[in-house]
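Letter by letter, the chains look like this.
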Amino acid sequence: MPLEISGVLDRSQVAKFQALLKQARWVDGSATAGHLSQQVKHNRQLAETDPLAIELGNVILDVLERHPVFVSYALPARIVPPLFNAYRGGEHYGAHVDGAIRPVAGHPIRIRTDISVTLFLADPDEYEGGELVIQQEGGELCAYKLPAGTLLAYPCGCLHHVEPVTRGERLASFFWVQSMVRRGDQRAMLFDLDQAIQRLRATVPGHETILALTAHYHNLLRMWADP
Ligand code: NI
């Protein structure tokens, strides 16, 4: 299931990101797409090695590393350094799937893409169109156009596309996570259990079942996780 997390960046961070990205050196987005995706990808990106992408990407990673809901959902082992894209004047990204394995520029490692993340960096009223449309497991299409600073995380492997932007400019960061838990169904169960424990801790602090459930959570994690 996709997960929305609001307020990953606060308003002042969003304003700073927008100001810097407005003056950024954008390049053709098809540079980082696979053969099939290249034919449907019509947007602009910052180069992976662009110092601005690295600087802003590190701000995002720093926030996410300490974000309890993100960590609970993704159980990250590795995160691809965040990339940045922009759409305007009819730019769009047709239906595609993200590649399963991503190389990381300048590093001798490859990352398995378990979870896709889009961090919206423009508010919905700043542009027309630009919805991120994701095909859910049952085939149903869900469209997302979230406030700046809000993140959408969803399991990789879903067909998705970005609608044409017909007014204004859509700015976003996007990246992938390799999770310690490879299987999405196991990750979903761990997330549900952890969130239930957190609710219990908030409503009945000190209850003896909290410890028992926490032990159960860690035993499942020990069984399924590959750190
Ligand atoms: Ni994609």
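Remember, it's a predicted structure, so these values are computed and weren't measured experimentally.

Draft legend 1. Main features of the layout of surface pockets. There is about 540 Å³ of room inside the largest pocket. Every residue lining the largest pocket is counted, 33 residues in all, and those nearest its centre are Tyr93, His96, Val97, Asp98 and Trp176. Looking at the lining of the largest pocket, the elements that each hand over two or more residues are helix H2 (35-38), strand E6 (83-87), strand E7 (92-96), strand E8 (101-104), strand E10 (115-120), strand E15 (160-162) and strand E17 (170-179). Here the lining of the largest pocket gets five residues from one element, more than from any other, and that element is E17. Here the second largest pocket defines a volume of roughly 260 Å³. Around the second largest pocket sit 15 residues that line it, and Glu48, Ile54, Pro81, Pro82 and Val104 are the ones nearest its centre. A per-element tally of the lining of the second largest pocket places helix H3 (residues 51-65) first, with five residues. Within the lining of the second largest pocket, the residues separate by chemical class into 10 nonpolar, four polar and one charged.

Draft legend 2. Representation of the sheet that holds strand E13 (residues 141-144). Read from one edge of the open sheet, five strands run E3-E7-E15-E12-E13, paired in antiparallel fashion. With one partner strand each, in any of the chains shown, strand E3 (41-42) and E13 form the two edges of the open sheet. Relative to E15, E7 runs antiparallel, the two being bridged by two bridges. Pairing of tyrosine 93 across the sheet is with valine 162, part of E15.

Draft legend 3. Spatial organisation of the nonpolar core. Ranked by internal contacts, the top residues of the largest apolar core, which has 48 residues, are Leu21, Phe84 and Leu151. For this core, the element with the highest residue contribution is H3, accounting for six residues.

Draft legend 4. Representation of the pattern of salt bridges. Taken as a whole, this structure holds eight salt bridges when the rule is applied. We note a salt bridge from glutamate 169 to arginine 44, for which the minimum N-O separation is 3.1 Å. Here the residue glutamate 169 occupies a position in the loop between strand E16 (165-168) and E17, and arginine 44 occupies one in strand E4 (residues 44-46), the gap between them amounting to 125 residues. For the pair formed by glutamate 169 and arginine 44, the shared burial category is buried. Close ionic contact of aspartate 185 with arginine 183 constitutes a salt bridge, the shortest N to O distance being 2.6 Å. With a relative accessible area of 47%, arginine 183 lands in the partly exposed category. Several salt bridges share partner residues, and in doing so they unite Arg44, Arg88, Glu91 and Glu169 into one network.

Reading the values: rules and limits
- Residues numbered from 1 in each chain as written.
- Predicted model: local features only at pLDDT ≥ 70, side-chain atom pairs only at ≥ 80, totals over all residues.
- Heavy atoms only, no water.
- 1 Å grid on protein atoms, 1.4 Å probe; cavity = no way out; pocket = protein on both sides within 12 Å on 5 of 7 lines; lining within 4 Å.
- Points joined across faces, edges and corners; volume = space filled by probe spheres on them.
- Helix = DSSP H or I, 4+ residues; strand = E, 2+ residues; numbered from the N terminus.
- Nonpolar A, V, L, I, M, F, W, Y, C, P; charged D, E, K, R; others polar.
- Pairing = 2+ DSSP bridges.
- Core = buried A, V, L, I, M, F, W, Y, C linked by side-chain atoms within 4.5 Å.
- Buried < 20%, exposed > 50% of the residue type's maximum accessible area, 1.4 Å probe, protein only.
- Salt bridge = Lys/Arg side-chain N within 4 Å of Asp/Glu carboxyl O.

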